[in-house]
Amino acid sequence: MTQTNMSRLHLAIDILGKLVAFDTTSKNSNLGLIRYVQDYLAQYDIETTLFYDETGEKANLLATIGPKDVPGIVLSGHTDVVPALEKGWISPAFDMTERDGKLFGRGTADMKGFAACVLATVPDLVKQDLAIPFHICLSYDEEVGCLGVGSMVDHLAKIDHPPRLAVIGEPTEMKVINGQKGKYSMRVTVTGTAGHSSFAPHHVNAIEYASRAIAMISDVAREFETNGPFDPDFTVPHSTMLTTTISGGTATNVTPDCCEFTFEIRHLPDHDAASVIEQIKTRVTETLETEMKAREADTGFEWEEIFHYPGMGDCTGAESFAFVRNIIDEVSGKVSYGSEGGIFEKQGNIPSIICGPGSIAQAHKRNEFVEISQLDECLAFLKKLGDQAVA
Ligand SMILES: [Zn+2]
């Protein structure tokens, strides 16, 4: 390892420790972390733009390094983390600890490690004569449905020279991922009528109607499994749909007047999930709800979208991918978990890949860690990106 690499690695580890120390669980404000990054970048005379949420308690951060008159490269990461409430953390989740070449702490893999490497690369980027700019993008509320990044993506899509490519630094062990499923998360509330269970035929049983709707959802999911559409690059090569939670009823001898369930569809990037949901809704309305309302007008189904984010398509054939083609060994496939890549691509028209340090296997669980060697690999990747962007 060269001296420069060594000092960059130390800097990245130091920054990561600071980022982890901000408890940016999605329900909390991320402004402490954002202010830290602003101050850090200000040392290098880099201006930042913040995009606040409606409460003013959370913000996206955008910082551009290099010329403004050419399309640049986005380096994107989310600042929020999932809660660290699991039992069995060996060391405090928000106090990063090193053991056996690994850095433990909430967010070390998902995905403050990437942000730390990007920030540790800044001292080099500002010294380079960049012909192509880098846009550092840090978002909020990714872990609760990719809710935050949109305002920043909309802004980037409208600048005079929108970015040519986005690198989303989710933990892929630095493998390049060229596709990601999209997701719709839905809540359904079924209203029936309550009464003594001995008069069951006189009442509208919300749980039973819910279960019939759930069976329809399950049937459609099975159609995906047998009839596709398929994309063999995904481990599960088709869209999936399932009921995820359910609750209802008040007592063992009362006809349930309420049942609530949630379901999700994780869809292939080009599979029109919105119309799948519309079709299910129509079927439920025309059959089950019509039947319910014929018995009691105030009963029925209510549908609510909790959130959705789009899938990310394969951009490796696109011209913009050429910028990174010669610095990556291979493209490793597609993932079924969510990332902001789909929003950059579908909402911002910015082709995207996912590539970052650490493993998704360590994310969202106790004793989350990133290997120091992964940070090192990420720094090497960012260095090559920087060199590639030099005039
Ligand atoms: Zn993540």
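Notes on the structure in this doc start here. All of these numbers come straight from a predicted model, not from anything done at the bench.

What counts, and at which threshold
Residues numbered from 1 in each chain as written. Predicted model: local features only at pLDDT ≥ 70, side-chain atom pairs only at ≥ 80, totals over all residues. Heavy atoms only, no water. Axes fitted to C-alpha atoms, helices over the stretch in contact; angles between N-to-C directions. Helix = DSSP H or I, 4+ residues; strand = E, 2+ residues; numbered from the N terminus. Parallel < 35°, antiparallel > 145°, perpendicular 65-115°, else oblique. Left-handed = near helix turned anticlockwise from the far one by under 90°. Contact = heavy atoms within 4.5 Å. Core = buried A, V, L, I, M, F, W, Y, C linked by side-chain atoms within 4.5 Å. Buried < 20%, exposed > 50% of the residue type's maximum accessible area, 1.4 Å probe, protein only. Expected span 1.5 Å × (residues − 1). Pairing = 2+ DSSP bridges. Donors = N, O, S within 2.8 Å, 3.2 Å for Na, K, Ca; no water. Tetrahedral: all angles 85-135°; square planar, octahedral: opposite > 155°, others 65-115°. Salt bridge = Lys/Arg side-chain N within 4 Å of Asp/Glu carboxyl O. Phe/Tyr/Trp six-rings, centres within 6.5 Å; stacked < 30°, edge-to-face > 60°. Lys NZ or Arg CZ within 6 Å of the ring centre and 35° of its normal.

Section: the packing of helix α2 (residues 31-42) against helix α3 (residues 108-125)
As a packed pair, α2 and α3 sit with axes 11 Å apart at the nearest point and diverge in direction by 20 degrees. On the basis of the axis angle, α2 is roughly parallel to α3. By crossing handedness, the relation of α2 to α3 is classed as right-handed. Contacts between α2 and α3 involve L33, V37, Y40 and L41 from the first element and K112, L119, A120, V122 and P123 from the second.

Details of the nonpolar core
V37, L41, L75, F381 and L385 are the most contacted members of the largest nonpolar core, which has 60 residues in total. When residues of this core are assigned to their parent elements, the largest contribution, 10 residues, is made by α3. With sequence-adjacent residues up to four places away left out, F381 is seen in contact with V167, M174, I327, I328 and C355. Residues A213, F224, V284 and W303 belong to the second largest nonpolar core, which totals 29 residues.

Quick word on helix α9 (residues 372-388)
In this model, α9 (17 residues) spans 24 Å end to end at C-alpha, consistent with the 24 Å of a helix rising 1.5 Å per residue. Restricting attention to buried positions, one finds in α9 the residues I372, Q374, L375, C378, L379, F381, L382, L385 and G386.

Details of the sheet that holds strand β4 (residues 97-99)
Reading across from one edge, β4-β5-β15 is the order of the 3 strands in this open sheet, with antiparallel pairing throughout. Of all the strands in the sheet, the pair left with one neighbour each is β4 and β15 (369-371). When strand polarity is set aside, the average angle formed by the axes of neighbouring strands in this sheet is 25 degrees. Pairing between β4 and strand β5 (residues 102-104): 3 bridges, direction antiparallel. Counterpart to R99 in the pairing with β5 is K102. In the packing of α3 onto the sheet, contacts are made with β5 and β15, and the angle to β15 comes to roughly 50 degrees.

Let's talk about the sheet that holds strand β10 (residues 240-248)
Pairing is antiparallel across the open sheet formed by 4 strands, whose spatial order is β10-β11-β9-β12. Sheet topology places β10 and β12 (300-309) at the edges, where each strand pairs with a single neighbour. Direction aside, neighbouring strands of the sheet carry axes that sit 20 degrees apart on average. The sheet contact formed by strand β9 (residues 182-191) and β12 spans 9 bridges and is antiparallel. Residue T191 lies in a different strand from β12, and its bridge partner there is G300. Against the sheet, helix α5 (residues 206-227) makes contact with β9, β10, β11 (258-267) and β12, and its axis sits at roughly 10 degrees relative to β11, the strand it touches most. Its contacts with the sheet put helix α6 (residues 273-295) on β9, β10, β11 and β12, and the angle it makes with β12 is roughly 165 degrees.

Topic: the coordination of the zinc ion
Only H78 (NE2), D110 (OD), E170 (OE) and E170 (OE) from the protein reach the zinc ion as donors, at distances of 1.8 to 2.5 Å. In this structure, the zinc ion is coordinated by 4 donor atoms arranged in irregular fashion, with angles at the metal of 55 to 141 degrees. As a motif over one chain, the donors of the zinc ion read H-x31-D-x59-E. Highlighted residues: H78 in strand β3 (residues 73-78) and D110 in helix α3, separated in sequence by 32 residues. Per residue, the accessibility class of H78 equals that of D110, and both read buried.

With respect to the pattern of salt bridges
Using the criterion set out here, one finds 16 salt bridges in the structure. Taking the shortest distance from any N to any O, the salt bridge between R106 and E368 comes out at 2.6 Å. Of this pair, R106 sits in the loop between β5 and α3 while E368 sits in the loop between β14 (352-354) and β15, and the two are 262 residues apart along the sequence. When sorted by exposure, R106 lands in the same class as E368, which is buried. In this structure, the salt-bridge partner of E264 is R266, at a minimum N-O distance of 3.0 Å. The class of E264 is buried, set by a relative accessible area of 11%. With a relative accessible area of 21%, R266 lands in the partly exposed category. Counted as one network, the salt bridges with shared partners bring together E86, R106 and E368.

Notes on the packing of α5 against α6
Across the interface, α5 lies against α6 with an axial gap of 11 Å and an inter-helix angle of 155 degrees. One finds that α5 runs roughly antiparallel with respect to α6. Where α5 crosses over α6, the two elements pack in a sense that is right-handed. Facing Y209, R212, A213, M216, I217, V220 and F224 of α5, the residues of α6 in contact are V276, I280, R283, V284, T287, L288, E291, M292 and R295.

Notes on the packing of aromatic side chains
Enumeration over the complete set of coordinates arrives at 7 aromatic pairs. Between the aromatic rings of F104 and F369, the centroid separation amounts to 5.4 Å while the plane-to-plane angle is 50 degrees, which identifies the pairing as tilted. Of this pair, F104 sits in strand β5 while F369 sits in strand β15, and the two are 265 residues apart along the sequence. Among the aromatic side chains, those forming a connected cluster through ring pairs are F261, F263, F301 and W303. Sitting over the face of the ring of F104, R99 holds its NZ or CZ atom 3.9 Å from the ring centroid. Stacked on the ring of F369, the Lys or Arg K102 has its end atom at 4.8 Å from the ring centre.

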